[in-house]
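Residue-level structural notes
Take a look at the letters that make up each chain.
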Amino acid sequence: MGNKTWADLAGEMKTFLWNPEERTCLGRTAKSWGLILLFYFVFYTCLAGMFAFCMYVMLLTLSPYTPTYRDRVSPPGVMIRPYLNGFTIAFNISKRSTWQPYVDSMHHFLAAYDDKVQEEKNIECISGQYFIQGGNESEEKKACQFKRSLLQNCSGIEDQTFGYSRGQPCILLKMNRIIGYRPGAGVPVSVDCKVQKGNESDLRSVDFYPGNGTFDLMYYPYYGKITHVNYTSPLVAMHFTDVKRNSLVPIQCSLHGKGIVNDVNSDRFLGRIIFMLSIGK
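A brief look at the structure comes next. Every chain is numbered independently, its residues counted from 1 as its sequence is written. Given that the model is predicted, a residue must reach a pLDDT of at least 70 before its local features are reported, and side-chain atom pairs must reach 80 or more before they are shown or counted; all residues, however, enter totals for whole chains, interfaces and linings. To obtain the side-chain values, all non-hydrogen atoms of the structure were used and water was disregarded.

**A word on the sheet that holds strand 6 (residues 214-215)**
As summarised here, the arrangement of the five strands in space is 2-9-8-4-6, forming an open sheet in which the pairing is mixed. Every interior strand has two partners, whereas the edge strands, strand 2 (88-92) and strand 6, have only one. Note that strand 4 (residues 189-195) and strand 6 share two bridges and pair antiparallel. Among the inter-strand pairings, Val189 is bridged to a residue of strand 6, identified as Phe215. Any two strands with at least two DSSP-identified bridges between them are counted as paired. Strands are runs of DSSP state E lasting at least 2 residues, helices are runs of H or I lasting at least 4, and numbering of each runs from the N terminus.

**Observations regarding the state of the cysteines**
Note that a disulfide, as used here, is simply two cysteine sulfur atoms within 2.5 Å. In this structure the tally under the stated criterion is three disulfides. Bridging Cys125 to Cys144, the disulfide has an S-S length of 2.0 Å. Taking the sign of the S-S torsion, about -95° here, the bridge from Cys125 to Cys144 comes out left-handed. Within this pair, whereas Cys125 is found in the loop between helix 4 (115-121) and strand 3 (170-175), its partner Cys144 is found in the loop between helix 4 and strand 3, the two being separated by 19 residues in sequence. In the chain, numbering the disulfide-bonded cysteines from first to last in sequence yields the connectivity 1-2, 3-4, 5-6. Between Cys46, a cysteine without a disulfide, and Cys54, which holds the nearest cysteine sulfur, the sulfur-to-sulfur distance is 13 Å. The rule is simple: take the accessible area with a 1.4 Å probe, protein chains only, and divide by the maximum for that residue type; under 20% is buried, over 50% is exposed, in between is partly exposed. We classify Cys46 as partly exposed; its relative accessible area is 46%.

**Considering the pattern of salt bridges**
Salt bridges are defined as contacts in which a side-chain nitrogen from Lys or Arg sits within 4 Å of a carboxyl oxygen from Asp or Glu. Using the criterion set out here, one finds four salt bridges in the structure. A salt bridge links Arg166 to Asp159; the nearest nitrogen and oxygen atoms lie 2.7 Å apart. With relative accessibility at 41%, the residue Arg166 sits in the partly exposed group. In this structure, Arg204 and Asp242 form a salt bridge, with 3.1 Å as the shortest nitrogen-oxygen distance. Pair noted here: Arg204 is in strand 5 (residues 203-209) and Asp242 is in strand 7 (residues 236-243), with a separation of 38 residues, a long-range link. What makes Asp242 partly exposed here is its relative accessible area of 30%.

Pasting the structure below:
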(Lines give C-alpha, C1' and ligand atoms only; values in the text may rest on other atoms or scores of the structure.)
Protein backbone atom coordinates (compact mmCIF):
# COMPACT_ATOMS: atom_id res chain seq x y z
CA MET A 1 0.00 0.00 0.00
CA GLY A 2 2.82 2.37 0.79
CA ASN A 3 4.46 1.81 -2.65
CA LYS A 4 1.30 2.42 -4.66
CA THR A 5 0.76 5.73 -6.33
CA TRP A 6 -2.52 7.56 -6.74
CA ALA A 7 -2.54 6.46 -10.36
CA ASP A 8 -2.28 2.79 -9.28
CA LEU A 9 -5.18 3.24 -6.82
CA ALA A 10 -7.27 4.94 -9.50
CA GLY A 11 -6.54 2.11 -11.92
CA GLU A 12 -7.56 -0.53 -9.39
CA MET A 13 -10.78 1.35 -8.65
CA LYS A 14 -11.55 1.58 -12.35
CA THR A 15 -10.96 -2.16 -12.73
CA PHE A 16 -13.23 -2.85 -9.72
CA LEU A 17 -16.01 -0.77 -11.22
CA TRP A 18 -15.66 -2.51 -14.58
CA ASN A 19 -13.29 -5.37 -15.41
CA PRO A 20 -13.31 -5.84 -19.20
CA GLU A 21 -11.34 -9.11 -19.03
CA GLU A 22 -13.68 -10.89 -16.59
CA ARG A 23 -16.65 -8.72 -17.62
CA THR A 24 -17.61 -7.96 -14.03
CA CYS A 25 -19.11 -4.86 -12.41
CA LEU A 26 -18.32 -4.29 -8.74
CA GLY A 27 -16.93 -7.79 -8.67
CA ARG A 28 -20.07 -9.49 -9.99
CA THR A 29 -21.00 -10.80 -13.41
CA ALA A 30 -24.27 -9.95 -15.12
CA LYS A 31 -25.66 -13.35 -14.15
CA SER A 32 -24.67 -12.85 -10.51
CA TRP A 33 -26.32 -9.42 -10.43
CA GLY A 34 -29.44 -10.83 -12.06
CA LEU A 35 -29.75 -13.62 -9.51
CA ILE A 36 -29.28 -11.38 -6.47
CA LEU A 37 -31.75 -8.79 -7.78
CA LEU A 38 -34.25 -11.54 -8.51
CA PHE A 39 -33.82 -12.86 -4.95
CA TYR A 40 -34.48 -9.48 -3.35
CA PHE A 41 -37.42 -8.82 -5.69
CA VAL A 42 -39.08 -12.10 -4.65
CA PHE A 43 -38.18 -11.56 -0.99
CA TYR A 44 -39.66 -8.05 -0.70
CA THR A 45 -42.67 -9.01 -2.83
CA CYS A 46 -43.47 -11.77 -0.33
CA LEU A 47 -43.02 -9.36 2.59
CA ALA A 48 -45.35 -6.83 0.97
CA GLY A 49 -47.88 -9.56 0.25
CA MET A 50 -47.81 -10.79 3.86
CA PHE A 51 -48.24 -7.23 5.15
CA ALA A 52 -51.16 -6.57 2.80
CA PHE A 53 -52.81 -9.86 3.80
CA CYS A 54 -52.46 -9.07 7.53
CA MET A 55 -53.93 -5.59 7.02
CA TYR A 56 -56.81 -7.08 5.01
CA VAL A 57 -57.62 -9.63 7.72
CA MET A 58 -57.43 -6.96 10.42
CA LEU A 59 -59.72 -4.60 8.51
CA LEU A 60 -62.27 -7.39 8.15
CA THR A 61 -62.62 -7.39 11.95
CA LEU A 62 -63.24 -3.62 12.18
CA SER A 63 -66.50 -1.81 11.70
CA PRO A 64 -66.46 1.61 9.98
CA TYR A 65 -69.46 2.62 12.11
CA THR A 66 -68.56 1.55 15.65
CA PRO A 67 -64.98 1.35 17.01
CA THR A 68 -64.00 -2.12 18.18
CA TYR A 69 -61.67 -0.70 20.79
CA ARG A 70 -62.32 2.65 22.43
CA ASP A 71 -59.67 4.72 24.15
CA ARG A 72 -62.23 6.93 25.85
CA VAL A 73 -63.67 6.15 29.21
CA SER A 74 -67.45 5.78 29.38
CA PRO A 75 -68.14 8.94 31.43
CA PRO A 76 -67.98 11.90 29.04
CA GLY A 77 -65.65 14.84 29.14
CA VAL A 78 -66.97 18.38 28.66
CA MET A 79 -65.95 21.51 26.78
CA ILE A 80 -67.01 25.14 26.73
CA ARG A 81 -67.69 27.76 24.09
CA PRO A 82 -66.41 30.33 23.45
CA TYR A 83 -62.90 28.94 23.51
CA LEU A 84 -60.39 31.49 22.25
CA ASN A 85 -57.51 32.08 24.63
CA GLY A 86 -57.42 28.92 26.67
CA PHE A 87 -59.72 28.63 29.64
CA THR A 88 -59.67 32.28 30.65
CA ILE A 89 -62.53 34.51 29.57
CA ALA A 90 -61.51 38.07 30.35
CA PHE A 91 -62.93 41.35 29.05
CA ASN A 92 -63.84 44.90 29.99
CA ILE A 93 -67.45 45.98 29.55
CA SER A 94 -66.46 49.46 28.39
CA LYS A 95 -64.05 48.16 25.72
CA ARG A 96 -65.96 46.47 22.92
CA SER A 97 -62.78 45.14 21.35
CA THR A 98 -62.17 42.93 24.41
CA TRP A 99 -65.49 41.10 24.28
CA GLN A 100 -66.45 41.21 20.59
CA PRO A 101 -64.25 38.19 19.67
CA TYR A 102 -66.19 36.08 22.21
CA VAL A 103 -69.49 37.21 20.68
CA ASP A 104 -68.32 36.44 17.14
CA SER A 105 -67.15 32.99 18.25
CA MET A 106 -70.54 32.26 19.82
CA HIS A 107 -72.45 33.28 16.70
CA HIS A 108 -70.17 31.17 14.51
CA PHE A 109 -70.56 28.13 16.76
CA LEU A 110 -74.37 28.45 16.97
CA ALA A 111 -74.85 28.84 13.22
CA ALA A 112 -75.50 25.08 12.95
CA TYR A 113 -78.17 25.43 15.64
CA ASP A 114 -80.24 28.08 13.85
CA ASP A 115 -83.91 27.19 14.08
CA LYS A 116 -84.42 27.07 10.30
CA VAL A 117 -81.35 24.86 9.82
CA GLN A 118 -82.55 22.43 12.48
CA GLU A 119 -86.09 22.32 11.08
CA GLU A 120 -84.77 21.51 7.61
CA LYS A 121 -82.28 18.81 8.62
CA ASN A 122 -83.59 17.22 11.80
CA ILE A 123 -86.81 15.95 13.32
CA GLU A 124 -88.80 16.68 16.46
CA CYS A 125 -88.33 13.99 19.08
CA ILE A 126 -90.10 12.94 22.25
CA SER A 127 -88.51 14.63 25.23
CA GLY A 128 -87.41 12.64 28.26
CA GLN A 129 -86.55 9.34 26.59
CA TYR A 130 -83.64 7.94 24.61
CA PHE A 131 -84.02 8.06 20.83
CA ILE A 132 -82.96 4.49 20.05
CA GLN A 133 -82.87 3.66 16.34
CA GLY A 134 -82.77 0.09 15.10
CA GLY A 135 -82.01 -1.31 11.69
CA ASN A 136 -78.69 -2.00 10.04
CA GLU A 137 -75.78 -0.08 11.51
CA SER A 138 -74.97 1.28 8.04
CA GLU A 139 -78.37 2.98 7.70
CA GLU A 140 -78.38 6.76 8.09
CA LYS A 141 -79.76 7.78 11.47
CA LYS A 142 -82.13 10.64 12.15
CA ALA A 143 -81.15 13.44 14.51
CA CYS A 144 -83.28 15.39 16.95
CA GLN A 145 -83.67 19.13 16.66
CA PHE A 146 -81.75 21.34 19.03
CA LYS A 147 -82.71 24.90 18.20
CA ARG A 148 -80.68 27.80 19.45
CA SER A 149 -83.91 29.45 20.58
CA LEU A 150 -83.98 26.85 23.39
CA LEU A 151 -81.08 28.74 24.92
CA GLN A 152 -83.37 31.74 25.49
CA ASN A 153 -81.31 34.64 26.89
CA CYS A 154 -78.14 32.93 25.68
CA SER A 155 -79.37 32.23 22.15
CA GLY A 156 -77.98 35.45 20.68
CA ILE A 157 -81.33 36.14 19.03
CA GLU A 158 -82.68 38.95 21.20
CA ASP A 159 -79.39 39.94 22.81
CA GLN A 160 -76.86 39.51 20.03
CA THR A 161 -73.97 40.18 22.41
CA PHE A 162 -74.86 37.17 24.62
CA GLY A 163 -74.74 39.45 27.66
CA TYR A 164 -71.07 40.39 27.21
CA SER A 165 -71.89 44.04 26.62
CA ARG A 166 -73.58 44.14 30.05
CA GLY A 167 -71.02 42.12 31.95
CA GLN A 168 -73.34 39.10 32.14
CA PRO A 169 -71.68 36.63 29.78
CA CYS A 170 -73.15 33.42 28.44
CA ILE A 171 -70.97 30.33 28.22
CA LEU A 172 -72.04 27.11 26.51
CA LEU A 173 -71.27 23.66 27.86
CA LYS A 174 -71.35 20.49 25.79
CA MET A 175 -70.53 16.87 26.47
CA ASN A 176 -68.07 15.07 24.23
CA ARG A 177 -69.62 12.59 21.84
CA ILE A 178 -69.29 8.91 22.70
CA ILE A 179 -70.82 6.38 20.32
CA GLY A 180 -73.63 4.41 21.94
CA TYR A 181 -73.37 6.16 25.29
CA ARG A 182 -76.60 6.78 27.22
CA PRO A 183 -75.86 9.33 29.94
CA GLY A 184 -77.70 9.36 33.21
CA ALA A 185 -79.07 5.79 33.05
CA GLY A 186 -82.56 7.07 32.18
CA VAL A 187 -82.36 10.33 34.15
CA PRO A 188 -81.20 13.55 32.44
CA VAL A 189 -77.72 14.75 33.38
CA SER A 190 -77.72 18.18 35.04
CA VAL A 191 -75.14 20.95 35.33
CA ASP A 192 -74.17 23.20 38.20
CA CYS A 193 -71.44 25.82 38.65
CA LYS A 194 -69.58 27.12 41.66
CA VAL A 195 -66.42 28.94 42.63
CA GLN A 196 -63.62 26.40 42.39
CA LYS A 197 -61.34 28.07 44.93
CA GLY A 198 -61.88 31.21 46.95
CA ASN A 199 -64.90 33.14 48.17
CA GLU A 200 -68.16 31.51 47.08
CA SER A 201 -69.86 34.92 47.09
CA ASP A 202 -67.78 35.89 44.02
CA LEU A 203 -70.35 33.96 41.99
CA ARG A 204 -73.76 35.09 43.16
CA SER A 205 -76.09 34.09 40.34
CA VAL A 206 -76.11 31.73 37.34
CA ASP A 207 -79.08 30.95 35.09
CA PHE A 208 -79.16 27.74 33.07
CA TYR A 209 -80.84 27.10 29.72
CA PRO A 210 -82.71 25.19 28.46
CA GLY A 211 -85.01 24.50 31.39
CA ASN A 212 -83.09 23.79 34.54
CA GLY A 213 -79.77 23.07 32.84
CA THR A 214 -80.10 19.43 31.79
CA PHE A 215 -79.13 17.39 28.74
CA ASP A 216 -82.35 15.85 27.44
CA LEU A 217 -82.24 12.09 26.90
CA MET A 218 -83.71 12.35 23.40
CA TYR A 219 -80.32 13.38 21.98
CA TYR A 220 -78.80 10.03 22.93
CA PRO A 221 -77.38 7.62 21.95
CA TYR A 222 -75.02 8.99 19.32
CA TYR A 223 -74.36 6.66 16.37
CA GLY A 224 -71.18 8.14 14.89
CA LYS A 225 -70.41 10.73 12.24
CA ILE A 226 -70.78 8.34 9.29
CA THR A 227 -74.45 7.50 9.89
CA HIS A 228 -75.51 10.28 12.30
CA VAL A 229 -74.71 12.91 9.70
CA ASN A 230 -76.85 15.83 10.91
CA TYR A 231 -76.36 15.24 14.62
CA THR A 232 -75.77 18.38 16.67
CA SER A 233 -74.66 17.98 20.25
CA PRO A 234 -77.11 19.26 22.87
CA LEU A 235 -75.95 22.26 24.86
CA VAL A 236 -76.48 23.82 28.25
CA ALA A 237 -76.07 27.58 28.42
CA MET A 238 -74.76 29.12 31.62
CA HIS A 239 -75.69 32.76 32.04
CA PHE A 240 -73.44 34.39 34.63
CA THR A 241 -75.67 37.25 35.68
CA ASP A 242 -73.87 38.29 38.85
CA VAL A 243 -70.11 37.76 39.11
CA LYS A 244 -67.65 39.81 41.13
CA ARG A 245 -66.13 42.53 38.94
CA ASN A 246 -62.46 43.35 38.49
CA SER A 247 -61.40 40.01 39.88
CA LEU A 248 -60.21 36.69 38.44
CA VAL A 249 -62.85 34.18 39.52
CA PRO A 250 -62.07 30.44 39.09
CA ILE A 251 -65.27 28.61 38.20
CA GLN A 252 -65.97 24.89 38.09
CA CYS A 253 -68.99 23.60 36.18
CA SER A 254 -69.80 19.92 36.73
CA LEU A 255 -72.10 17.25 35.37
CA HIS A 256 -74.31 15.34 37.78
CA GLY A 257 -76.11 12.08 37.14
CA LYS A 258 -75.87 8.34 37.48
CA GLY A 259 -72.64 7.01 36.03
CA ILE A 260 -71.09 10.48 35.82
CA VAL A 261 -67.56 10.87 37.18
CA ASN A 262 -66.52 14.44 38.04
CA ASP A 263 -63.95 14.14 40.83
CA VAL A 264 -60.83 12.77 39.13
CA ASN A 265 -58.06 15.18 40.04
CA SER A 266 -55.82 14.09 37.18
CA ASP A 267 -58.44 14.94 34.53
CA ARG A 268 -59.98 18.40 34.72
CA PHE A 269 -62.26 17.70 31.72
CA LEU A 270 -63.86 14.44 32.86
CA GLY A 271 -67.37 15.32 33.95
CA ARG A 272 -66.36 18.87 34.77
CA ILE A 273 -64.48 21.87 33.49
CA ILE A 274 -62.60 24.64 35.26
CA PHE A 275 -62.16 28.08 33.73
CA MET A 276 -61.39 31.62 34.80
CA LEU A 277 -63.83 34.49 34.44
CA SER A 278 -62.65 38.08 34.69
CA ILE A 279 -65.09 40.93 34.05
CA GLY A 280 -63.76 44.45 34.15
CA LYS A 281 -65.77 47.66 34.15
